[in-house]
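Structure at a glance
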Amino acid sequence: MHVFRIPDGTVRAVAVAHARDLLRQAGARWVKATVPVDAAYRQLQGAVLAEALSLDESYAELVEQGRLLADEFPGRGGALAEVVRGLGVVLDPSATVAEVWASYSAVLTALADTLRLGPGGAGSLITAVDGALELRLGGASLLDALRDLTAAARRDGHRPTAEHLVAERFAFETLARGPGSACTWGTSGFRDHQTYMSVTDPGEGHLDGTVRALANLDGVIVHIEHLERGGHQDRTHVEPYRIPDPRTVAQVRLLVGDDAPVSSYVGRPVFEGPVEPSMLKTSRTVAAACSALFAQGIAECKIAIEGMTARQAVRFMRAVRAGVTRDRFTQVLSAAFNVNTPFFDDRAGGLLDGRMIVDRLEIGLLGIALTRAGGFDKVTWDGTANTYPSRCVLEQLSYAEAVTLVHRAHERGLLTYFSAGFRLHNLAGAVCTGVDGVGVGGAQILRYMDPDTGFHGPFLEENIAGILAERDLAETSILGRAALALSRLDRMWFEGTLTAWDDVHRMDLFAVLSAPERRDLGALQRLLDEVSHVTALPCDTAHPLLSWADRLVAGGHHTLAAGQIRMVAHFQEHLERVAAARACGDLDRLELLLTPESRFAVGARPRVPVTAAVAPLAAAVAPVAGAVAPVAAQLGAMVPAAAGPGADGPGADGPGADRPGALVAVAGGPGGVVPGAVALHGLAA
């Protein structure tokens, strides 16, 4: 008998998702019990496309589902709807796992007769303990144990018990999270190189050259993508980038190992006629392709968001998220927006209320909003057109526009990326925007190409060293250092771990970097000196959610997060919950506690930086800044001293806080697990 430990955050998410499915089953059984098979049956709504939901959204859907069931079956569903509302305890961060399990069990009990659940055995399979549920099952892994349990019940002709169904749901959650990626993108502003070079090839060049030298993988993401498209192809008919050979992806991932993250292009969705009737098939096809690639352990799948309106794009991304199998905290979904392709923004309502976006900067900003709304983790701005080789995307955007895009995306917690047309002389400019990744490959820089046909020749792996040298040199420039500082400050603003005083410096830094004319290098240096205590913070070596928690606990009541609530005692309770979740490695619960939009969080971050409202005040108090600076420096120094992960903290690298998550069964596990037990490290949706 093994003990499988399901952490608090995972229990909450699974309880609500399972309750929704139980109501679906109950509704189906009540229809079958009340409507004769040969009767005239009417179904006014087709299959509903599943979308990824937050815990808050999932609970709201559950309550509405219960209400509709009560309306349709008043004699059966009314009492059930009341029981279902009791699961609102999942939204209370102070609720214990025992309280959540009690409400979860109440739903199962209320439906026991309807679902014809079998009687429980002599001993309980599930026990609520401090911060987790423990499942006691035979089998080396949860999946093996559940498989054996189901097979035994089937052979013996027994109906599943309530605890059996619960164990199934946790096994389903394990399946949904996949194997994960050992090497990831890391966190904006807190990685060894802020701008990774995305060395790109269909795969053979990586196998022949990229993987053969460790120096080729320093600050590199090994990207696999079919680049060749010939010289005279319309991108509306033939996509400029296409999905690579899946077997080659697996081979590259195997040889790269854990020395660098690996990513793959997937492509733009292909719809069978109008978008809406095709949405179900297309989103599931894309999710299936991503799932197969993520199963190889790659860190990212990139999907082009084209051929849809803004509202359709958000729905598509949420549907892909719902269907994909991945470790949400280590494997990234990336949304690519082409700045040369007009985008219809219909978020205000119907078609008559929308407008066509054609300006490149506006398309880029819309891409940020849609990526965040769709729940993807990374936004790509691509500059391909109908010419090949492509013109560099940074020659199509001004430096100020590029900095603005990166800055706004980092404020939303997104990873960022530029692609199309990069040559050696373009790389320094990209580094100085603070972007997380730059696509380099193909005819511009890493392949021979016939100028007449556009077809490619051999891979030029010897050019990788020059690409990385150019990047490393740009990092040492004042613009490179300022871009890195702004990336770090923006990330901390998103986290709520920044101080109000450093937020003033953050906005000043952005103002200088995004100036339409020449940048004031003297002003940049002065600002870099002002935030030196922030830039001196260590890079993340623990999982990004753990490092985020460390920064919040270290900054404490001096952070912007503390300013979102009125009562100091309430924020102190929040800090204690964060510290407890961090101590036991419950990434699911940490995500709920830290994500700004979550009801668990102390308060949603202001969507407009606080300093935008206090800028006049900042100008008024500038004469006394000299007297305040020593105090601010002392307060700021408190953060770097304690912000890094503890010496006994996990050492596994991880990507940004928007990343995917896995339930990984391992021996031992977090503190408090009984000897010989199997721990399930859960990560939330």
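Residues numbered from 1 in each chain as written. Predicted model: local features only at pLDDT ≥ 70, side-chain atom pairs only at ≥ 80, totals over all residues. Heavy atoms only, no water.

The next subject is the overall build of the protein chain. Helices and strands together make up the secondary structure of the protein chain, namely 23 helices and 17 strands. Evaluated residue by residue, the protein chain yields a buried proportion of 55% over its 685 residues. Restricting to contacts in the protein chain with at least 6 residues of sequence separation, those with at least 24 account for 76%. When the accessible surface of the protein chain is totalled, it reaches about 28,000 Å², and 58% of it is carbon and sulfur. (Helix = DSSP H or I, 4+ residues; strand = E, 2+ residues; numbered from the N terminus. Buried < 20%, exposed > 50% of the residue type's maximum accessible area, 1.4 Å probe, protein only. Contact = heavy atoms within 4.5 Å. Areas by Shrake-Rupley, 256 points an atom, 1.4 Å probe, with all protein chains shown as cover.)

Moving on, we come to helix 15 (residues 478–495). In this model helix 15 runs 26 Å from its N-terminal to its C-terminal C-alpha over 18 residues, within 8% of the 26 Å that 1.5 Å per residue would give. Judged by how many residues are buried, helix 15 sits mostly within the fold: 15 of 18 residues are covered. Looking one or two residues past helix 15, Gly496 carries a phi angle of roughly 80°, positive in sign. (Expected span 1.5 Å × (residues − 1).)

The next subject is the packing of helix 12 (residues 399–411) against helix 16 (residues 500–513). Running from N to C, helix 12 and helix 16 point in directions that differ by 155°, and their axes come no closer than 9 Å. One element, helix 12, and the other, helix 16, form an angle in the roughly antiparallel class. Judged by residue contacts, Tyr399, Val403, Thr404, His407, Arg408 and Glu411 of helix 12 engage Arg506, Phe510 and Leu513 from helix 16. Tallied by class, residues from the contact of helix 12 with helix 16 come to four nonpolar, two polar and three charged. (Axes fitted to C-alpha atoms, helices over the stretch in contact; angles between N-to-C directions. Parallel < 35°, antiparallel > 145°, perpendicular 65-115°, else oblique. Nonpolar A, V, L, I, M, F, W, Y, C, P; charged D, E, K, R; others polar.)

Strand 5 (residues 220–224) sits mainly inside the fold: five of its five residues count as buried. Residues Val220, Val222 and Ile224 line one face of strand 5 and the alternating positions Ile221 and His223 line the opposite face, and both faces are buried. As paired elements, strand 4 (residues 196–201) and strand 5 share five bridges and run parallel to each other. Each bridged residue has a counterpart across the sheet, and for Met197 the counterpart in strand 5 is Val220. Judged from the three bridges that link them, strand 5 and strand 6 (residues 262–267) form a sheet pairing that is parallel. Counted as the bridge partner of Ile224 is Ser264 from strand 6. (Pairing = 2+ DSSP bridges.)

Below, the discussion takes up the nonpolar core. For soluble globular proteins, nonpolar side chains are generally found buried alongside one another. Counting residues in each nonpolar core, the largest one holds 72 residues, and the members touching the most others are Ile303, Ile305, Phe418 and Phe422. When sequence neighbours within four positions are dropped, the list of residues in contact with Phe422 reads Cys392, Val393, Leu394, Leu427, Ala430, Val438, Gly439, Val440, Gln444 and Ile445. (Core = buried A, V, L, I, M, F, W, Y, C linked by side-chain atoms within 4.5 Å.)

Moving on, we come to the pairing of strand 2 (residues 126–129). Inspection of the sheet shows strand 2 paired to strand 3 (residues 132–137) by four bridges, in the antiparallel sense. The partner of Ile126 across the bridge, within strand 3, is Leu135. The loop that links strand 2 with its antiparallel partner strand 3 comprises two residues; one of these, Gly131, has a positive phi angle of about 80°.

Before going further, it helps to examine the side chain of Thr195. With respect to the helices and strands, the residue Thr195 is situated in the loop between helix 6 (162–177) and strand 4. In this structure the side chain of Thr195 is engaged in a polar contact, spanning 2.6 Å, whose partner is the backbone oxygen of Val435. Contact partners of Thr195, with chain neighbours within four places excluded, come to Gly219, Ala430, Val431, Gly434, Val435, Asp436, Val438 and Arg471. (Polar contact = N/O pair within 3.5 Å; in protein donor to acceptor, adjacent residues only side chain to side chain.)

It is worth spelling out the pattern of salt bridges at this point. Throughout the structure, instances matching the rule amount to 38 salt bridges. Linking Glu57 and Arg318 is a salt bridge whose minimum nitrogen-to-oxygen distance equals 3.2 Å. Here the residue Glu57 occupies a position in helix 2 (residues 55–72), and Arg318 occupies one in helix 10 (residues 310–323), the gap between them amounting to 261 residues. Classification of Glu57 by relative accessible area gives partly exposed; the value is 32%. For Arg318, a relative accessible area of 13% translates into the label buried. (Salt bridge = Lys/Arg side-chain N within 4 Å of Asp/Glu carboxyl O.)

Looking at the protein chain as a whole, the pLDDT averages 84, with 85% of positions reaching at least 70. Predicted confidence for residues 604–685 stays below pLDDT 50, and this span has 194 contacts to residues more than four positions away or in other chains. (pLDDT = per-residue confidence, 0-100.)

For the rest of this paragraph, the subject is helix 20 (residues 568–583). The end-to-end C-alpha distance of helix 20 is 22 Å, a good match for the 22 Å that 16 residues give at a rise of 1.5 Å each. The set of residues buried in helix 20 consists of Phe571, His574, Leu575, Val578, Ala581 and Arg582. The arc that holds the buried residues of helix 20, viewed along the axis, is 130°, so those residues lie on one side. Against the buried residues of helix 20 lie helix 19 (544–555) and helix 21 (587–594). Just beyond helix 20, the residue with positive phi is Gly585, at close to 70°. (Arc of directions from axis to C-beta.)

The next thing to look at is unusual backbone geometry. Positioned with a positive phi, Arg116 is a non-glycine residue whose angle comes to about 55°. As for its position among the elements, Arg116 is in the loop between helix 4 (97–110) and strand 2. Classification of Arg116 by relative accessible area gives partly exposed; the value is 47%. Phi at Ala420 takes a positive value of approximately 105°, unusual for a residue other than glycine. Within the secondary structure, Ala420 is located in the loop between strand 12 (415–419) and helix 13 (427–431). The class for Ala420 is buried, based on a relative accessible area of 5%.

Taken in spatial order, the eight strands close into a barrel running 4-5-6-7-8-11-12-13, and their pairing is parallel. Strand-to-strand twist of the sheet, defined as the mean angle between neighbouring strand axes without regard to direction, takes the value 25°. Taken together, the five bridges between strand 11 (residues 378–382) and strand 12 define a ladder with parallel strand orientation. Note on strand 12: the bridge partner recorded for Thr380 is Tyr417. Lying on the sheet, helix 9 (residues 275–294) is in contact with strand 6, strand 7 (300–304) and strand 8 (332–338); it crosses strand 7 at an angle near 155°.

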